[in-house]
Amino acid sequence: SPWPHSFNAKFNATPSRFSLESAIMRVASSTVSLRADVANYESPVVVADYRVNLHAPDLNAMSSLKAAGDVAVSGNMHYQYDKNRPPLRSVVVTGVIESDALFAASSSGRLEVRRLQGKYELANGSFKTDGLKAELLDGQVEANVHVRDLDRTPTSRVQAALRNISLQAAQQ
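Read on for a plain summary of the structure. (Residues numbered from 1 in each chain as written. Predicted model: local features only at pLDDT ≥ 70, side-chain atom pairs only at ≥ 80, totals over all residues. Heavy atoms only, no water.)

### Thoughts on the overall build of the chain
Next, step 1: Along the backbone of the chain there are 2 helices and 10 strands.
Next, step 2: Overall size of the chain, expressed as C-alpha extent along the three principal axes, is 60 × 40 × 25 Å.
Next, step 3: For the chain, the proportion of its 172 residues judged to be buried stands at 27%.
Next, step 4: For the chain, long-range pairs separated by at least 24 residues make up 36% of all intrachain contacts whose partners lie at least 6 apart in sequence.
Next, step 5: On the chain, roughly 11,200 Å² of surface is accessible, and the fraction owed to carbon and sulfur atoms is 55%.
Next, step 6: Averaged over its 19 positive side-chain charges, the chain has a centre that lies 2 Å from the centre of its 17 negative ones. (Helix = DSSP H or I, 4+ residues; strand = E, 2+ residues; numbered from the N terminus. Buried < 20%, exposed > 50% of the residue type's maximum accessible area, 1.4 Å probe, protein only. Contact = heavy atoms within 4.5 Å. Areas by Shrake-Rupley, 256 points an atom, 1.4 Å probe, with all protein chains shown as cover. Lys, Arg positive; Asp, Glu negative; His and termini not counted. Charge placed at Lys NZ, Arg CZ, Asp CG, Glu CD.)

### Quick look at the pattern of salt bridges
Next, step 1: Enumeration over the complete set of coordinates arrives at 10 salt bridges.
Next, step 2: One salt bridge in this structure joins arginine 35 and aspartate 49, with 2.7 Å as the shortest N-O distance. A residue pair is termed long-range when its members are at least 10 positions apart, and arginine 35 in strand E3 (residues 30-39) and aspartate 49 in strand E4 (residues 45-55) qualify at 14 residues. (Salt bridge = Lys/Arg side-chain N within 4 Å of Asp/Glu carboxyl O.)

### A closer look at the pairing of strand E1 (residues 5-13)
Next, step 1: The pairing of E1 with strand E2 (residues 17-27) spans 9 bridges and is classified as antiparallel. Each bridged residue has a counterpart across the sheet, and for alanine 13 the counterpart in E2 is phenylalanine 18.
Next, step 2: Between E1 and E2, which pair antiparallel and follow one another directly, the connecting turn spans 3 residues. (Pairing = 2+ DSSP bridges.)

### So, the environment of asparagine 53
Next, step 1: Along the polypeptide, asparagine 53 turns up in strand E4.
Next, step 2: For asparagine 53, a relative accessible area of 27% gives the class partly exposed.
Next, step 3: Along the primary structure asparagine 53 and threonine 31 are separated by 22 residues, whereas in three dimensions their C-alpha atoms are 5.2 Å apart.
Next, step 4: Filtering out sequence-adjacent residues up to four positions away, asparagine 53 remains in contact with Ser30, Thr31, Val71 and Ala72.
Next, step 5: A distance of 3.4 Å separates a polar atom in the side chain of asparagine 53 from a polar atom in the side chain of arginine 51. (Polar contact = N/O pair within 3.5 Å; in protein donor to acceptor, adjacent residues only side chain to side chain.)

### Focus on the packing of aromatic side chains
Next, step 1: Applying the stated criterion to the full structure yields 2 aromatic pairs.
Next, step 2: Ring geometry for tyrosine 120 versus phenylalanine 127: centroids 6.4 Å apart, planes at 25 degrees, classification stacked.
Next, step 3: The class of tyrosine 120 is buried, set by a relative accessible area of 16%. (Phe/Tyr/Trp six-rings, centres within 6.5 Å; stacked < 30°, edge-to-face > 60°.)

### Topic: the sheet that holds E2
Next, step 1: Spatial strand order, E1-E2-E3-E4-E5-E6-E7-E8-E9-E10: 10 strands in an open sheet with antiparallel pairing. The strands lining the two open edges of the sheet, one partner per strand, are E1 and strand E10 (155-163). Across this sheet, the average inter-strand angle for adjacent strands is 10 degrees, counted without regard to direction.
Next, step 2: Bridge count for strand E5 (residues 66-80) against strand E6 (residues 91-106) is 12 bridges, and the pairing is antiparallel. (Axes fitted to C-alpha atoms, helices over the stretch in contact; angles between N-to-C directions.)

### What about unusual backbone geometry?
One can expect most non-glycine residues to show negative phi and most peptide bonds to be in trans.
Next, step 1: Positive phi outside glycine occurs at asparagine 40, with the angle close to 60 degrees.
Next, step 2: Its identity is not glycine, yet asparagine 124 carries a phi of approximately 50 degrees, on the positive side.

### As for the nonpolar core
Next, step 1: With 11 residues, the main nonpolar core is built from Ala56, Ala67, Val71, Leu102, Val113, Leu116, Ala134, Leu136, Leu137, Val141 and Ala169.
Next, step 2: For this core, the secondary-structure elements that each account for two or more residues are E5, strand E7 (109-123) and strand E8 (126-136).
Next, step 3: Not counting residues within four places of it along the chain, the set of residues in contact with alanine 169 comprises Arg110, Leu137 and Asp138.
Next, step 4: Formed by 8 residues, the second largest nonpolar core is a distinct cluster that contains Val38, Val46, Tyr50 and Tyr120. (Core = buried A, V, L, I, M, F, W, Y, C linked by side-chain atoms within 4.5 Å.)

Quick look at the structure:
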């Protein structure tokens, strides 16, 4: 059966500006909220704030994986049209990801992630996250990820520190 869902938006539009005062989409127990302003339609400038709250059990109906917990992603976006640059090089998205606890189980094992937190940025065609931290597999992980040239041939660099990780914990 389909998931319960809703969408509500409040906006104001004029010949020179569009303001999305609020938009809230709910699917099952997960929500996406957005506020945005668009100015200068001929050469747009967009400024937005967003928040996504994903309730992991909402995904259980799509997979044999059984999930629990919640993840929140929030931040802001800025885009300024530039006829000489691809859109991916003209947009800046910054934000944070947080979760107190996430659980996933399948027939081959389980994974528990606690205290997930980190900051991310998409800018000038590159994505990076610095200081992504989580507790999992009875230990801790801290990682930095940098992916450059997303609009061309991407190159990636990942640095990770793993402390007290137990692969046996995933099989329990």
